Amino acid sequence: MSDLSNKHIVLGLSGGIACYKAAELCRALVKAGASVQVVMTEAAAQFITPVTLQALSNRAVYVSQWDAREPNNMAHINLSREADAILVAPASADFMAKLLHGRADDLLSLMCLARPIDSVPLILAPAMNREMWLHPATQRNMAQLKADGAHVLDVGQGEQACGETGDGRMLEPEEILQDLVAFFQTKVLAGQHVLVTAGPTYEAMDPVRGITNLSSGKMGFSIARAAREAGAEVTLVAGPVHLPTPRGVQRVDVRSALDMQAAVAAHVDAASVFVATAAVADWRVAEVAGQKIKKEGSGQLPQLSFVENPDILAGVAQSARAKSGALYCVGFAAESHDLLQHATTKRERKGVPLLVGNIGPATFGLDDNALLLVDAQGAKELPHANKLTLARQLVAEIAKRLKVA
Ligand code: CTP
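Residues numbered from 1 in each chain as written. Predicted model: local features only at pLDDT ≥ 70, side-chain atom pairs only at ≥ 80, totals over all residues. Heavy atoms only, no water.

Draft legend 1. Up close: the nonpolar core. Within the largest apolar cluster, 35 residues are counted, with the highest numbers of intra-cluster contacts made by Leu189, Val194, Val275 and Ile398. Ranked by the residues each element gives to this core, the list is headed by helix 16 (residues 387-404), at seven residues. Among residues more than four places away in sequence, those in contact with isoleucine 398 are Val273, Val275, Tyr328, Val330 and Leu354. Leu25, Ala89, Leu180 and Val181 belong to the second largest nonpolar core, which has 34 residues in total. (Core = buried A, V, L, I, M, F, W, Y, C linked by side-chain atoms within 4.5 Å. Buried < 20%, exposed > 50% of the residue type's maximum accessible area, 1.4 Å probe, protein only. Helix = DSSP H or I, 4+ residues; strand = E, 2+ residues; numbered from the N terminus. Contact = heavy atoms within 4.5 Å.)

Draft legend 2. Fine view of the site of the ligand. The local shell around the ligand holds 15 residues, among which Ala276, Ala278, Phe332, Lys346 and Lys350 are the closest. In this structure, aspartate 282 approaches the ligand through a side-chain N or O atom, which is 2.9 Å from an oxygen atom. Contact with the protein chains covers 80% of the free accessible surface of the ligand, which is 570 Å². Element by element, the count of residues in the shell around the ligand is highest for strand 16 (residues 328-335), at four residues. The residue makeup of the shell around the ligand, split by class, is nine nonpolar, one polar and five charged. (Near = heavy atom within 4 Å. Polar contact = N/O pair within 3.5 Å; in protein donor to acceptor, adjacent residues only side chain to side chain. Areas by Shrake-Rupley, 256 points an atom, 1.4 Å probe, with all protein chains shown as cover. Nonpolar A, V, L, I, M, F, W, Y, C, P; charged D, E, K, R; others polar.)

Draft legend 3. Structural view of the sheet that holds strand 13 (residues 273-276). What the eight strands build is an open sheet, ordered 12-11-8-13-16-17-18-19; its pairing is mixed. Of all the strands in the sheet, just strand 12 (250-253) and strand 19 (378-386) have a single pairing partner and so form its edges. Across the sheet, the mean angle separating the axes of adjacent strands is 15° when strand polarity is ignored. Inspection of the sheet shows strand 18 (residues 368-375) paired to strand 19 by seven bridges, in the antiparallel sense. Note that in strand 19 the partner of asparagine 369 across the bridge is alanine 385. Strands strand 8 (193-198), strand 11 (233-238), strand 12, strand 13, strand 16 and strand 18 of the sheet are contacted by helix 10 (residues 218-229), whose axis makes an angle of about 170° with strand 11. (Pairing = 2+ DSSP bridges. Axes fitted to C-alpha atoms, helices over the stretch in contact; angles between N-to-C directions.)

Draft legend 4. Structural context of the side chain of serine 57. By the secondary structure assignment, serine 57 is in helix 3 (residues 50-57). We classify serine 57 as buried; its relative accessible area is 7%. Here the side chain of serine 57 touches leucine 53 through a polar contact of 2.7 Å, landing on its backbone oxygen. Apart from residues no more than four positions distant in its own chain, serine 57 is found in contact with Cys26, Val30, Val36 and Val38.

Draft legend 5. A look at the pattern of salt bridges. In this structure the tally under the stated criterion is 23 salt bridges. With its nearest N and O atoms 2.7 Å apart, the salt bridge here joins lysine 98 to aspartate 105. A residue is classified by how much of its surface remains accessible, and aspartate 105, at 44% relative accessible area, is partly exposed. A salt bridge links arginine 103 to aspartate 105, with the nearest nitrogen and oxygen atoms 3.0 Å apart. (Salt bridge = Lys/Arg side-chain N within 4 Å of Asp/Glu carboxyl O.)

Draft legend 6. Structural detail: the domain arrangement of the protein. Taken domain by domain, the protein consists of domain 1 (8-184) and domain 2 (193-283 + 304-404). For domain 1 and domain 2, the distance between their C-alpha centroids amounts to 38 Å. Taken together, both faces of the contact between domain 1 and domain 2 bury some 530 Å²; the carbon and sulfur share is 43%. Together, Gln178, Val181 and Ala182 form the three largest contributors to the area buried by domain 1 at its contact with domain 2, with a combined 69%. Put simply, domain 1 and domain 2 have two salt bridges between them. Two residues, arginine 247 and glutamate 175, come together in a salt bridge whose shortest N-O distance is 3.7 Å. Residues belonging to the side of domain 1 that touches domain 2 are distributed by class as follows: three nonpolar, one polar and three charged. (Domains from an automatic or database assignment. Buried area = accessible area lost by both parts, 1.4 Å probe.)

In structure tokens, the structure reads:
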């Protein structure tokens, strides 16, 4: 199942240079499984042709309310009734001002006004010059549009087509896609604050070498994204990985197990759920050499001794807040065999209500996984799927358990 399969999106373009990004967005929506109907204002058609968007959406584009193709000549009614959401990207300053007043002198604004307000959400991706964005009129209009039920996305920051730098760029197509996908997820974790650890740790031997493992961080990043989509505030403590930060997630980068422990300690008091997916190194080198350990000349192998790293999850699970139920702890177990048995004993050993087992070598670095959820009631399998799908299922399972607790 793609993220937007079974969704019909009316993609509206108002006039602005960000229209060039709407082509990519249209393609991304289609790739994510949505059917897309494009509606453009005449100003938008000055920036990008309807032909381009027709080819990308595989549907004829609507520009005029006088379009005679509709048998009843009511494109504004027909198009808005079919939509699961109307997404206006770019939403220009002028278009938002128009919406605010309920004006309807072109097809796009007419359709927005005529939409069934309770069942067809209106999502706006603003795009404009930074002065226009900061202008009190725009800010006032946005606040009122939100109060009227529109969902206004953030704007990007950076260099603008006009040559100025600041807030007001339209989000990138991939960011808008992520926000739209999140919009459709049920908010089962609204009001929760989720702290997630992810990725490997890196334990230095000397300034250029260290010990790490093959964890890619993908499962933890997917859980952070799924928790955010479900309405939680999310803090992600990430070991050394090169993955993009999920939208709306606060990320703290760390390297070693001790760094990870400190970052968790700094954020755990604000959390109501702690999910430890990180593959934390069990040992670190007792004495890190200040200079590179040289092979040449020494004639002997380096003598390394190790000390055990703190168990971050077990430590958090022993805290007063975890014991009182104010903090719900979820552990992971990366095993190579006998998953159920190891996950069951690990759950008890770590003192957590929920332990999620997976076969490490079968999943490290890959996009797919399978999970085994073990709690006091028994075990439940989440069968093989991509990590984001599994993360959403796990988030739903956590939410169920929070309600019961
Ligand atoms: N964990 C942790 N701190 C550690 C080691 C592990 O927080 N120093 C957490 C992991 O994030 C995971 C769980 O504990 O949620 C289990 O990790 P795993 O590596 O599977 O287990 P270990 O405790 O290392 O046990 P073993 O090596 O015997 O399998």
